[in-house]
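Spelled out from the first residue to the last, the chains are:
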Amino acid sequence: MNVGIIGAGGVSVFHYQGYVAGGATVVAIADADPLALARRQREWNIPKGYSTYQELLADPSIEAVSVCLPNALHHPVTLSAARAGKHVLCEKPISLSLDKAEEMIRVCREAGVVLQTGHHLRSDSASLRTKTLIDSGALGRITFMRLRQAHDWGGAKSVRDSFGKLANSGGGTLLDNGCHMMDLARYFGGDVREVYANIATLGFDVEVEDTSVATLTFASGTIGSVENAWTATGWEQAFWVYGTEGSLEYSNRTGVLTHRFRSSPGTTFGDPDISHTTFGGRDAHTACEIDFLAAIRGEREVVCTGEDGLEAVRLVLACYESAKQNAPVPLAKEALIPQELPHG
Ligand SMILES: NC(=O)c1ccc[n+]([C@@H]2O[C@H](COP(=O)([O-])OP(=O)(O)OC[C@H]3O[C@@H](n4cnc5c(N)ncnc54)[C@H](O)[C@@H]3O)[C@@H](O)[C@H]2O)c1
């Protein structure tokens, strides 16, 4: 399968690697920055480089594209790609507005193309194992979960404008990292009934928040917390899921999923049964592109749909409103939730 990558910045590397691992051929890249474009073409030996996404989309040899552009561009470029008959793997957050996300879903459906949102943790081995254990009932009733994605931009003193300027990004870490965690929260825990969030800009000179904590109440009654930061030293992507019959803990820092439970006689207060699973093999980003290619070939359902992307944005929007009001925001009260994030 011939694919194109639109946007040659940081995340494009994962898309390129994923397509190569999945047996697709990246035949073209587009980027408005000639230096970024030339660098990727050189690094990856890509024959065609375009300065506009429209030129790439006009290439009839391309069947599918990754949209790896700043958030505000996900909507127009996905619409154009679908109308050009290309399957779309759109980076997260799917869009900065619920209406626009709905339009992306509708236009892709009408064009008969696959739309996948780039919440790659849906393709992650530890997440998949966790979901299997939750669904099997091994953890009993899920009571509490904690999800965390945090970093410090690798120690950088400033944040790229794609992320730090409101007009490009629409939001800070709550949107950028938080939409992944909101998607994972829904994947593990189902529908969310209410959110209560606290955000702050503490570490960087940016127009958006760089630190956030949100509390979620699920329709099931499960309680959750989502922590996101650009102000936490070192990269961590982690989750903790607790149930009446067992618990799971995972962090990328160890690569180990720890399952605690009680089935042996004589387990003690601090010493339950423990099993550890270590995950090697393919990276979740790579798996995300492989899943996308498989969905295009009709071999599997779309691992993270446009609707999933939209629901993650809905939760983030509700969190921003909650932080603004300093009050819980119920998801059922749509009137309380703004329909879009600020952007240019
Ligand atoms: N799934 C993940 O874990 C993950 C990780 C990082 C980024 N992302 C998402 O990927 C997207 C891109 O992030 P990034 O880190 O690659 O950003 P980036 O700033 O490194 O790269 C963005 C690229 O888009 C190009 N660009 C901007 N406007 C353009 C236009 N009109 N036409 C063509 N090219 C244009 C820029 O020149 C730049 O090279 C964002 O939506 C981000 O949220 C997802």
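The chain has the name Oxidoreductase-like in an unreviewed UniProt entry, where uncultured Truepera sp is given as its organism.

Chemist: Just to check I follow, could you spell out the environment of D191 for this structure?
Modeler: Within the secondary structure, D191 sits in the loop between α10 (178-189) and β8 (192-200). Note: C-alpha distance between D191 and A238 (47 residues apart in sequence) is 20 Å. Discounting residues that sit within four places of it in the chain, D191 has contacts with F218 and A219.

Chemist: Teacher, can you tell me more about the sheet that holds strand β9 (residues 211-218) here?
Modeler: Hydrogen bonds along the backbone pair up the strands of a sheet, which may run parallel or antiparallel. What the 9 strands build is an open sheet, ordered β14-β13-β12-β11-β7-β10-β9-β8-β15; its pairing is mixed. Whereas interior strands pair on both sides, the edge strands pair on one side only; in this sheet they are β14 (273-278) and β15 (329-330). The sheet contact formed by strand β7 (residues 142-150) and strand β11 (residues 236-243) spans 8 bridges and is antiparallel. Bridge pairing in β11 links M145 to V241.

Chemist: Quick question: what am I supposed to make of the domain arrangement of the chain here?
Modeler: Where interface size is quoted, it is often the accessible area lost as the parts come together. When its domains are assigned, the chain resolves into domain 1 (2-120 + 295-300) and domain 2 (123-287 + 310-336). Computed over C-alpha atoms, the centres of domain 1 and domain 2 are 26 Å apart. Each side of the interface is counted separately: domain 1 has 19 residues, and domain 2 has 20 residues. Put simply, the parts of the chain that give the side of domain 1 that touches domain 2 at least two residues each are α1 (12-21) and α5 (98-111). Looking at side-chain class alone, the side of domain 1 that touches domain 2 contains 10 nonpolar, 7 polar and 2 charged residues.

How each quantity is defined
Note on numbering: residues in each chain are counted from 1, in written sequence order. Two thresholds apply to this predicted model, a pLDDT of at least 70 for residue-level local features and 80 or more for giving and counting side-chain atom pairs, whereas whole-chain, interface and lining totals are computed over all residues. Strands are runs of DSSP state E lasting at least 2 residues, helices are runs of H or I lasting at least 4, and numbering of each runs from the N terminus. Contact definition: two residues whose C-beta atoms, as placed from backbone geometry, lie within 7 Å. The criterion for strand pairing is that DSSP finds at least two bridges linking the strands in question. The source of the domain bounds is an automatic or database domain assignment. When residues are sorted by character, Ala, Val, Leu, Ile, Met, Phe, Trp, Tyr, Cys and Pro go into the nonpolar class, Asp, Glu, Lys and Arg into the charged class, and all the rest, Gly among them, into the polar class.

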